[in-house]
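Below are the chains, spelled out letter by letter.
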Amino acid sequence: MKNLDLIESFSEFKDNKNIDRAMMIRVLEEVFRSMIRKKFGTDENCDIIINDAKGDMEIWRTRTVVDDNSEDIWDADKIMLSDAKKIDPSFEEDDEVVDEIRLIDFGRRAVLAARQTLASKIMELEKDSIYKRFSERVGEVITGEVYQIWKRELLLLDSSDNKTELILPKEEQINSDFYKKGENIRAVIKRVEIHNNNLRIIVSRTDPAFLEKLLEQEVPEIFDGLIVIKRIVREPGERAKVAVESYDDRIDPVGACVGMKGSRIHGIVRELRNESIDVINYTNNIQLYITRALSPAKITSLTLDEQTKRASVYLKPDQVSLAIGKGGHNIKLAAKLTGYEIDVYRDTDDEDDDIDIEEFADEIEGWIIDELKSIGCDTARSVIDLGFAELVKRTQLEEETVNDVIKIIKAEFE
């Protein structure tokens, strides 16, 4: 008679596809050998036969027959002649008796304890297997189905096996992301970690690696290595800049990435919630690189300070807002892409009719002036020309503060 709880437990584990079969057999054997040692003192004279295909096992014990009065009758690998003859009357001294140990012989408590130990060890094996498998896949795009929506994170089920849990934290979601239960999401595997003994597979939609993999999927030349992505910077859901370089002079890297009439980039833009993607041609010429990075703005002139890694960029007044971009995203990303802090200045012929914003330092606080300069308003007229609504929108200044600044500057011209 066999204990069905343990056998059924074993049968469940045999169907687990995440665990290496040889490793599982070793764990199972160790659990059973531990039971034998606790019951009989040794397991050296026992053979365990595990049939992982059927989900069952057998334990066979070998003992040597000794006389009933022998001093060795208490040894685990010995059996008294009288007991041996109960098994088979033909047994004599020094014969070997091989008999099966049934699970019921260990007692119900021992079997239940073994079942718990077995379940615990198999769960650990499964966790280690999943950890190893997904650690090797960090940086890959994965599809998951939403099955729980929490305030700080989404829980997904890996679509390939419908049971491995993926976590998409709030900070790894694009701001405009909105999902319903049962919906499929694509994201990149960012990291795999063990937290409080729990396996956590973190995925991301904001990481630059996600955009990189999407480009690799859409642009065969990138997948084949003919075009290489030098750097990606993102303001997720708003704007991204991608610097690419071609290893084949016959291939235009920007054109290949964008595709005919934007055919290749449009799908990626939709996936990223209409994130604007600027693809630029990488170059070692830093001045040209910064010029390209500030696209679509057209630069009049540019000076570099190699020591401080700062670039002073001069543009016509109508190009300043383009260089700064909505919410300052364009200039921020250009700085991240090139590694240079970028200062924007207006290039105008009407200098005599304008006043440098620093000239108002006695009436306007320094941090306010710095905020205005950060959006390209380095002269009095640039502040007035931008207007109240745009100043409120593009800066971190309060409406009352903006109103006061405009009054002070207008008073100077009057």
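Just so it is clear, the model here is predicted, and its values are computed rather than measured.

**Q** What is the right way to look at the overall build of the protein chain in this model?
**A** Check the secondary structure of the protein chain and you find 15 helices and 15 strands. The C-alpha radius of gyration of the protein chain comes to 36 Å, more than 25% above the 22 Å expected for a compact globule of 414 residues. Across its three principal directions, the C-alpha atoms of the protein chain cover 125 × 55 × 45 Å. Taking all 414 residues of the protein chain together, 43% fall into the buried category. Partitioning the contacts of the protein chain with sequence separation of at least 6, the portion at a separation of at least 24 is 58%. A total accessible area of about 23,100 Å² is found for the protein chain, and carbon and sulfur atoms account for 45% of it.

**Q** Sorry, what's going on with the packing of helix α2 (residues 21–40) against helix α4 (residues 108–135) here?
**A** Helix-helix packing: each pair is described by the crossing angle between the helix axes and the interaxial distance. With their axes 10 Å apart at the nearest point, α2 and α4 run at an angle of 155° to one another. Judged on the interaxial angle alone, α4 and α2 are roughly antiparallel. Here α2 and α4 pass one another in a crossing that is right-handed. Between α2 and α4, the contacting residues are Met-23, Met-24, Val-27, Leu-28, Val-31 and Met-35 on the first element and Ala-110, Val-111, Ala-114, Thr-117, Leu-118, Lys-121, Ile-122 and Leu-125 on the second. Broken down by class, the residue content of the contact of α2 with α4 amounts to twelve nonpolar, one polar and one charged.

**Q** Looking at this structure, I do not really get the sheet that holds strand β12 (residues 276–281). What am I missing?
**A** As a general point, the strands of a sheet are linked pairwise by backbone hydrogen bonds and lie either parallel or antiparallel. Strand order across the open sheet formed by three strands is β10-β11-β12, with mixed pairing between neighbours. The sheet is open, and its two edges are formed by β10 (227–235) and β12, each paired on a single side. Here the average twist between neighbouring strands, direction ignored, is 20°. Across six bridges, the pairing between strand β11 (residues 239–246) and β12 is parallel. Each residue of the ladder has a partner; that of Ala-243, found in β12, is Ile-280. Lying on the sheet, helix α9 (residues 286–293) is in contact with β11 and β12; it crosses β12 at an angle near 155°.

**Q** How do you make sense of the side chain of Ser-312 when you look at a structure like this?
**A** Among the structural elements, Ser-312 can be located in strand β14 (residues 310–315). On the basis of relative accessibility, which here comes to 18%, the residue Ser-312 falls in the buried class. For Ser-312, the residues in contact, after removing those within four places along its chain, are Ser-301, Leu-302, Thr-303, Asp-343 and Tyr-345.

**Q** Any chance you could explain the side chain of Ser-382 here in plain terms?
**A** Positionally, Ser-382 belongs in helix α13 (residues 380–386). In this structure Ser-382 comes out as buried when scored by relative accessible area, which is 1%. Non-local contacts of Ser-382, meaning those with residues more than four positions away in its chain, are made with Arg-346, Gly-376 and Cys-377.

**Q** Quick question: what am I supposed to make of the environment of Ala-76 here?
**A** In this structure, Ala-76 sits in the loop between β2 (56–66) and β3 (78–80). Take Ala-76: its relative accessible area is 27%, and that puts it in the partly exposed class. Excluding its chain neighbours within four sequence positions, the residues that come into contact with Ala-76 are Phe-40, Thr-42, Asn-45 and Arg-63.

**Q** Can you walk me through helix α10 (residues 317–324) in this structure?
**A** Given 3.6 residues per turn, any residue in an α-helix points the same way as the ones three and four places further on. Taken together, the buried positions of α10 are occupied by Gln-319, Val-320, Ala-323 and Ile-324. Buried positions in α10, seen along its axis, are confined to an arc of 135° and lie on one side of it. In the core, the buried residues of α10 are packed alongside β14, α11 (329–338), β15 (341–346) and α12 (366–374). Gly-325, located one to two residues past α10, shows a positive phi value of around 80°.

**Q** Please clarify how the pairing of β11 should be interpreted in this entry.
**A** Consecutive residues of a regular strand have side chains that alternate between opposite faces of the sheet. Within β11, seven of the eight residues are buried, which leaves it mostly tucked inside the rest of the structure. Of the pairings in the sheet, the one linking β10 to β11 comprises eight bridges and is antiparallel in character. The partner of Arg-231 across the bridge, within β11, is Ala-243. The antiparallel hairpin formed by β10 and β11 contains three residues in its connecting segment, where Gly-237 sits at a positive phi of about 80°.

**Q** I tried to follow the pairing of strand β5 (residues 141–149) on my own but got confused; where do I start?
**A** Inspection of the sheet shows β5 paired to strand β8 (residues 184–195) by five bridges, in the antiparallel sense. Note on β8: the bridge partner recorded for Val-141 is Val-188. Looking at chain direction, β5 and strand β6 (residues 153–158) are connected through five bridges and run antiparallel. Paired with Gly-144 across the bridge in β6 is Asp-158.

Calculation notes
Residues numbered from 1 in each chain as written. Predicted model: local features only at pLDDT ≥ 70, side-chain atom pairs only at ≥ 80, totals over all residues. Heavy atoms only, no water. Helix = DSSP H or I, 4+ residues; strand = E, 2+ residues; numbered from the N terminus. Rg over C-alpha atoms; globule rule 2.2 N^0.38 Å. Buried < 20%, exposed > 50% of the residue type's maximum accessible area, 1.4 Å probe, protein only. Contact = heavy atoms within 4.5 Å. Areas by Shrake-Rupley, 256 points an atom, 1.4 Å probe, with all protein chains shown as cover. Axes fitted to C-alpha atoms, helices over the stretch in contact; angles between N-to-C directions. Parallel < 35°, antiparallel > 145°, perpendicular 65-115°, else oblique. Left-handed = near helix turned anticlockwise from the far one by under 90°. Nonpolar A, V, L, I, M, F, W, Y, C, P; charged D, E, K, R; others polar. Pairing = 2+ DSSP bridges. Arc of directions from axis to C-beta.

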